[in-house]
Amino acid sequence: MFQLNENFQKLPGSYLFSTIGKKVNAYTQANPDKKIIRLGIGDVTQPLAPAIIEALHKAVDEMAAAETFHGYAPDLGYEFLRNAIVSDYKERGCDISPDEVFVSDGAKSDSGNIQEIFSVNNRIAVCDPVYPVYVDSNAMAGRTGDYNKETEMWSNVIYMPCTMENDFVPEFPKETPDIIYLCLPNNPTGTTITKEQLCEWVDYANRVGAVIIYDAAYEAYISEDNVAHSIYECEGAKTCAIELKSFSKNAGFTGVRLGYTIVPKELKSGDVSLNAMWARRHGTKFNGAPYIVQRAGEAVFSREGKAQLKEQVAYYMKNASEIKTGLKDAGYTVFGGVNAPYIWLKTPERMTSWEFFDYLLENANVVGTPGSGFGPSGEGYFRLTAFGSYENTLAALERIRKL
Ligand SMILES: *Cc1c(COP(=O)(O)O)cnc(C)c1O
């Protein structure tokens, strides 16, 4: 008789986006004449840049002839892409070698899978609010203890609250973690920390023997000079940090699927190399991102690709700036939106996150995301994304201003 992985039974339902969907559907059924503007889900809307489309077409044509056809990709990814990634790091002053780069189908899979190479006895620390994948993937593996419905917390997870009281900067926890998840610039808060503050985390991790899983999915949105684009800009990061990168937010690959993870060779437990472990895991369970898509990824680093994507990011960041100033003018307390495409606002008049969601849906026909869906410290906050069109963003703001 088969038995199930009981850890899955401990998981709370993932109600956030399904509850949002249900509420929006119910509202539109009752009010079919109202036009809803969605600034909720973190998905891009702009089409792929011309340099990427060109690379895709060319690679598709190569697949049509036996001489240029490509089957399984090499385990770690094609060298042309890994070399482009390494050059990109070099421009930031980070010395990464091609065999430290693991090409994948995206940062969500990598952020969920990376915990596999660590003992089930490790304790994880996460920011609160948090990208849910980090916690749920550890819960599935049996690392998080029991879930408490009242506090909405796991008994064996160290939570690092990030709120306006600490400027959304996570503090070193009282209990010592083994694995620390950091997502910077942050989803959902849209805030980030300075390079100096990040380097303090690197020193801390090296001191206590912890590993940092650094999710840099929003790196392309950084606009301030004192913010690190990679954790490897900090001295000592190669002995304590794994970095996750994605093509989803900087190049619109959410439906194309491509990412990569850096596991430095200096990162060791005793004489066991995490790089070798991840290579073994990757080679066993993953059969490579498509050739066509890796060629598209290469184009992201080309001169034309870079220029076009800079414009695309600027388009979204113009939305972010409109939302930020628009809400401020309307009297809201707002955060983020400077180094990330998310605006995190304090709900007015002590409304809960869900109360504000209903209020905004019913009175402005605008959909956002309740902060409490990302963790208990997100209560009383609300997330709007800059990923909509410019026209819709302005229209949504106009409606919010009139409330
Ligand atoms: C969007 C996002 C990613 C990217 O995921 P992909 O699987 O590469 O699309 C990773 N981490 C965070 C926090 C994100 O918001």
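Residues numbered from 1 in each chain as written. Predicted model: local features only at pLDDT ≥ 70, side-chain atom pairs only at ≥ 80, totals over all residues. Heavy atoms only, no water.

Close to the ligand lie 14 residues, the nearest being Y218, S246, S248, K249 and R257. Between the ligand and A107, the relevant distance is 2.8 Å, taken from an oxygen atom to a main-chain nitrogen or oxygen of the residue. Between the ligand and N187 there is a distance of 2.8 Å, counted from an oxygen atom to a side-chain nitrogen or oxygen. Protein chains bury 93% of the 390 Å² of accessible surface belonging to the ligand in isolation. At the level of elements, α5 (107-113) and α8 (248-251) are the ones that each hand at least two residues to the shell around the ligand. Taken together, the residues that form the shell around the ligand break down as 6 nonpolar, 4 polar and 4 charged. (Near = heavy atom within 4 Å. Polar contact = N/O pair within 3.5 Å; in protein donor to acceptor, adjacent residues only side chain to side chain. Areas by Shrake-Rupley, 256 points an atom, 1.4 Å probe, with all protein chains shown as cover. Helix = DSSP H or I, 4+ residues; strand = E, 2+ residues; numbered from the N terminus. Nonpolar A, V, L, I, M, F, W, Y, C, P; charged D, E, K, R; others polar.)

Attention now moves to the state of the cysteines. In protein chemistry, a disulfide is the covalent bond that joins the sulfur atoms of two cysteines. For the coordinates displayed, the defined rule picks out 1 disulfide. The disulfide partner of C199 is C234, and the S-S distance across this bridge is 2.2 Å. Measuring handedness by torsion sign, the sulfur bridge of C199 and C234 sits at about -85° and is left-handed. One end of the pair, C199, is in helix α7 (residues 195-208); the other, C234, is in the loop between β8 (211-215) and β9 (241-246), and 35 residues separate them in sequence. On the basis of relative accessible area, C199 is assigned to the buried category, the value being 18%. Unpaired in terms of disulfides, C127 finds its nearest cysteine sulfur in C162, a separation of 3.9 Å. According to the relative accessible area criterion, C127 is buried, its value standing at 7%. (Disulfide = S-S within 2.5 Å. Buried < 20%, exposed > 50% of the residue type's maximum accessible area, 1.4 Å probe, protein only.)

In this fold, S230 is placed in the loop between β8 and β9. What makes S230 buried here is its relative accessible area of 2%. Reaching out from S230, the side chain makes a polar contact with the backbone nitrogen of Y232 at a distance of 3.0 Å. Side-chain polar atoms of S230 contact the side chain of E243, separated by 3.1 Å. Setting aside anything within four residues of it in sequence, one finds S230 in contact with Y89, C94, L198, Y214 and E243. (Contact = heavy atoms within 4.5 Å.)

Once that is clear, we can look at the pairing of strand β7 (residues 179-183). In summary, the side chains of a regular strand alternate between the two faces of the sheet. In terms of burial, β7 is largely enclosed, as 5 of its 5 residues are buried. The sheet contact formed by strand β3 (residues 124-128) and β7 spans 2 bridges and is parallel. Pairing of I124 across the sheet is with I179, part of β7. Examined bridge by bridge, β7 and β8 share 5 bridges and lie parallel to one another. Following the sheet pairing, Y181 is matched in β8 by I213. (Pairing = 2+ DSSP bridges.)

In terms of domain boundaries, the protein chain breaks down into domain 1 (7-46 + 304-402) and domain 2 (53-302). Taking the mean C-alpha position of each, domain 1 and domain 2 sit 25 Å from one another. In this assembly, 35 residues from domain 1 lie in contact with 47 residues from domain 2. Buried area between domain 1 and domain 2, both sides added, is near 3300 Å², and the carbon and sulfur share of it is 60%. (Domains from an automatic or database assignment. Buried area = accessible area lost by both parts, 1.4 Å probe.)

We now examine the confidence of the model for the protein chain. On average, the protein chain scores 97 in pLDDT, and the residues at 70 or more come to 100%. Within the protein chain, helix α2 (residues 16-30) has the poorest average pLDDT of any element, 94, and β8 the best, 99. (pLDDT = per-residue confidence, 0-100.)

What follows deals with the pairing of strand β6 (residues 157-161). Of all 5 residues that make up β6, 4 are buried, and the element is covered over most of its length. The pairing of β3 with β6 spans 5 bridges and is classified as parallel. Residue pairing in the sheet places A125 in a bridge with I158 of β6.

Strand order in the open sheet formed by 7 strands is β2-β10-β9-β8-β7-β3-β6, and the pairing between neighbours is mixed. Taken across any chain shown, the strands that pair with only one partner, and hence form the sheet edges, are β2 (101-104) and β6. Ignoring which end each strand starts from, the neighbouring axes of this sheet average 20° apart. Of the strand pairs in this sheet, β2 and strand β10 (residues 259-262) are connected by 4 bridges, and their pairing is antiparallel. The residue of β10 that forms the bridge with S104 is G259. Contacting β3, β7 and β8, helix α6 (residues 132-140) runs over the sheet at an angle of about 150° to β3. (Axes fitted to C-alpha atoms, helices over the stretch in contact; angles between N-to-C directions.)

Nonpolar side chains in soluble globular proteins tend to be buried together. I52, L182 and L327 are the most contacted members of the largest nonpolar core, which totals 100 residues. Looking at which element gives the most residues to this core, the answer is helix α11 (residues 303-329), with 7 residues. The contact partners of L182, leaving out residues within four places of it in the chain, are C127, M160, P170, L198, W201, I212, I213, Y214 and D215. Counting residues in each nonpolar core, the second largest holds 25 residues, with Y159, I179, I213 and L267 among its members. (Core = buried A, V, L, I, M, F, W, Y, C linked by side-chain atoms within 4.5 Å.)

The omega angle of the peptide bond from D128 to P129 is 5°, so this bond is cis rather than trans. Omega for the bond connecting L184 with P185 falls within 30 degrees of zero, at -10°, which places this linkage in the cis form. With respect to the element layout, P185 can be found in the loop between β7 and α7.

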